[in-house]
Structures are given as C-alpha cells and as structure tokens.
Amino acid sequence: MDKIVEISGLSKAYTQGHEQILVLEELSFAISKGEFVSIVGPSGSGKSTFLNIIGLLDDTYSGEIKLFGRRLEDMDEYEKAVLRLKNIGFVFQFDSLLPEFTVLENIEMPARLLGSDGPGRGLELLKRFDLEIIAHKFPMEISGGEKQRAAMLRALRNRPALLIADEPTGNLDRHTSGVILDDLRRAAELGAGVLMVTHNEEAARRADRMLRMAGGRLEAVK
Ligand SMILES: Nc1ncnc2c1ncn2[C@@H]1O[C@H](COP(=O)(O)OP(=O)(O)OP(=O)(O)O)[C@@H](O)[C@H]1O
Ligand SMILES: [Mg+2]
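Residues numbered from 1 in each chain as written. Chains lettered and ligands numbered in written order. Predicted model: local features only at pLDDT ≥ 70, side-chain atom pairs only at ≥ 80, totals over all residues. Heavy atoms only, no water.

> How would you explain the overall build of the protein if you had to name every residue and give the values?
In terms of regular secondary structure, the protein is built from 7 helices and 10 strands. Expected size for 222 residues packed as a compact globule is a radius of gyration near 17 Å; at 17 Å, the protein falls within 12% of this value. With the principal axes as the frame, the protein shows a C-alpha extent of 50 × 40 × 40 Å. Within the protein, buried positions represent 49% of all 222 residues. Within the protein, counting contacts between residues at least 6 apart in sequence, those at least 24 apart form 68% of the total. As presented, the protein carries roughly 10,800 Å² of accessible surface, and 49% of it is formed by carbon and sulfur atoms. Each charge sign in the protein was given a centre, from 29 positive and 34 negative side chains, and these centres are 4 Å apart. (Helix = DSSP H or I, 4+ residues; strand = E, 2+ residues; numbered from the N terminus. Rg over C-alpha atoms; globule rule 2.2 N^0.38 Å. Buried < 20%, exposed > 50% of the residue type's maximum accessible area, 1.4 Å probe, protein only. Contact = heavy atoms within 4.5 Å. Areas by Shrake-Rupley, 256 points an atom, 1.4 Å probe, with all protein chains shown as cover. Lys, Arg positive; Asp, Glu negative; His and termini not counted. Charge placed at Lys NZ, Arg CZ, Asp CG, Glu CD.)

Written out as structure tokens, the structure is:
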C-alpha cells in the first residue's frame, strides 16, 4: 500500500446567509508516496477548501477520506492531531514565520511540539536545501522567497509523509519559483507525497501529475 491519501465522494458546502454553496461535489482523489501532484483552477474553485480538508483543518464535509490507510471517521480528535503533526506538513497560502524567532527556531517549532530530538535535523535541512546562511536570521532579515522556503522546511521538519503546499510560489519571481519547485521535487524524491496548488501553469506542469479543479471536482490535465 503506497497510497497515502484516498478520497471518494467528497462534498463540501458553505452556508452563506440562507444559501448553501456547494464548493466540492463528489470529488475523488488519490496520491502515492513519492508522487508530486499539482492542482490548478480558477480563484474560488475550492482548491484551498480541499487542501484544508486533507490537512485535517476542516472536518465539515461528507464523503470518505483515508489517510495512510486509515479512515478519518474511525479516528478521534486526538489521533487526528497526532497524525497531522507527525505525518502532514502544511505550507499555507499566506504563510508566516513567527517574527520573534530565528529561521532555525521556526523550523524547529513543530518538532518541539512532539518533544524535540535537538536542532540537528533543522540544520541538516537548511544545509541540504542550501539555506544554512539564513539559519540564525530573523524573518524580517530575509527575502520573501527565503521566507517561503523556510516555511517549507518547517513543514518538512518532522519528515511528513505528505507535504501540502497552497500557492508556495505566489508573488515570487521566476527564478525563485523554480528553486521552490526544485525543493518540492526533492521532498518527493525523499519519499513524501507532495500536493501543490498553484495559479502558475508552468509550475504546475513540472509536477508528475497535474489536475484541474472545476465544477467541484478534480480532472486530469497531465
Ligand atoms: N469560511 C468560508 N465561509 C464561506 N464561504 C467560503 C469560506 N471559505 C471559502 N469560501 C468560499 O468557497 C469557495 C472556494 O474557496 P477557496 O478558498 O477554496 O478557493 P480557491 O480555489 O482556493 O481560490 P484562490 O485561488 O483564490 O485561493 C469560494 O467561493 C469562497 O468564497
Ligand atoms: Mg486558495
């Protein structure tokens, strides 16, 4: 079994006033270990909504979701919280590092929550991704691209089996976007399933598989 996410019949509606707005409708999806998958689609089509559900940040949906072979509905809140911390790395659409901590301290944050094994792994990650130079800088002392990459390393800190990235190259130039895509590719090569949402078609095409969110479902593009 190397499918780490399996989803079938996923529907999600938001209530707006007296109206129910259906954002996801009977959606199916799966991703395997080591696979790099991208999702494109117009603004408001439900991409972030979808990622938040997979990332266990939103449990108001219907349908079946299996993460790492386990059905979410069979798990209690505590089990889900541990699963999330140990197995899922999340880079948000408008991510931010904590300003009063250094880059290395920010990267170590998720490990502290699990009872850290020391800062070795954070430094190793910074080295592996050629970012050692910013380890002891504060977020306001580094560039936007470096912040994005640091947020990604924080997401990778606990060796997640699944890395979810919502618009990780937003507002970055072509070169820096390319570096971040290389980082994501490397994370997949190290064994994580990587799921990225982006508005950048060129970036999306660099994934192994490219999907489009349309009409509440995901359709294959590449
Ligand atoms: N908390 C909420 N309450 C009500 N409606 C919401 C909520 N969050 C999102 N929506 C609506 O659900 C739809 C999907 O939103 P979502 O954020 O998933 O889109 P998206 O595809 O990520 O868009 P973008 O590319 O702009 O980030 C939108 O119409 C949005 O207005
Ligand atoms: Mg979004």
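> Break down the sheet that holds strand 2 (residues 19–32) for me, with residues and values.
Reading across from one edge, 2-1-4-5 is the order of the 4 strands in this open sheet, with antiparallel pairing throughout. Bordering the open sheet on either side are strand 2 and strand 5 (70–71), each of which pairs with just one other strand. This element, helix 1 (residues 47–54), spans strand 1 (3–16), strand 2 and strand 4 (62–67) of the sheet and lies at about 125° to strand 1. (Pairing = 2+ DSSP bridges. Axes fitted to C-alpha atoms, helices over the stretch in contact; angles between N-to-C directions.)

> Got a sec to walk through the packing of aromatic side chains? Specific residues and values, please.
A full pass over the atoms with the stated rule returns 2 aromatic pairs. A centroid spacing of 5.4 Å and a plane angle of 85° characterise the contact between F29 and F50, whose relative ring orientation is edge-to-face. With F29 in strand 2 and F50 in helix 1, this residue pair connects regions lying 21 residues apart in the sequence. Taking the relative accessible area as the measure of exposure, F29 reaches 7% and is therefore buried. When the ring centre of F129 is taken as reference, the NZ or CZ atom of R186 above it lies at 4.7 Å. (Phe/Tyr/Trp six-rings, centres within 6.5 Å; stacked < 30°, edge-to-face > 60°. Lys NZ or Arg CZ within 6 Å of the ring centre and 35° of its normal.)

> Please give an account of the pairing of strand 8 (residues 193–197) that cites residues and values.
Counting buried residues along strand 8, 5 of its 5 residues qualify, which places the element largely inside the surrounding structure. Alternating positions in strand 8 separate into two faces, G193, L195 and V197 on one and V194 and M196 on the other, with burial throughout. Note that strand 3 (residues 36–40) and strand 8 share 4 bridges and pair parallel. If you follow V37 over to strand 8, its bridge partner there is L195. The sheet contact formed by strand 7 (residues 162–166) and strand 8 spans 5 bridges and is parallel. The partner of D166 across the bridge, within strand 8, is V197. Handedness of the crossover is the feature at issue here: the chain leaves strand 7, passes through helix 6 (residues 174–189), returns alongside strand 8, and the resulting connection is right-handed. (Right-handed = clockwise from strand over helix to strand, strands pointing away.)

> Explain unusual backbone geometry residue by residue, including any values.
A positive phi angle, close to 50°, is found at E26, a residue other than glycine. Classification of E26 as partly exposed rests on a relative accessible area of 46%. In this structure, F68 takes a positive phi of about 55° despite not being glycine. Positionally, F68 belongs in the loop between strand 4 and strand 5.

> Go over the site of ligand 1 with me, naming the residues and quoting the values.
Lining the immediate surroundings of ligand 1 are Y14, V23, P42, S43, G44, S45, G46, K47, S48, T49, Q93 and H199. S43 places a side-chain nitrogen or oxygen 2.4 Å from an oxygen atom of ligand 1. G46 is positioned such that a nitrogen or oxygen atom in its backbone is 3.0 Å from an oxygen atom of ligand 1. When the free accessible area of ligand 1 is taken as 630 Å², the share hidden by the protein chains comes to 61%. In terms of residues, the shell around ligand 1 owes the most to one element, helix 1, which gives 3 residues. For the shell around ligand 1, the residue count by class is 3 nonpolar, 8 polar and 1 charged. (Near = heavy atom within 4 Å. Polar contact = N/O pair within 3.5 Å; in protein donor to acceptor, adjacent residues only side chain to side chain. Nonpolar A, V, L, I, M, F, W, Y, C, P; charged D, E, K, R; others polar.)

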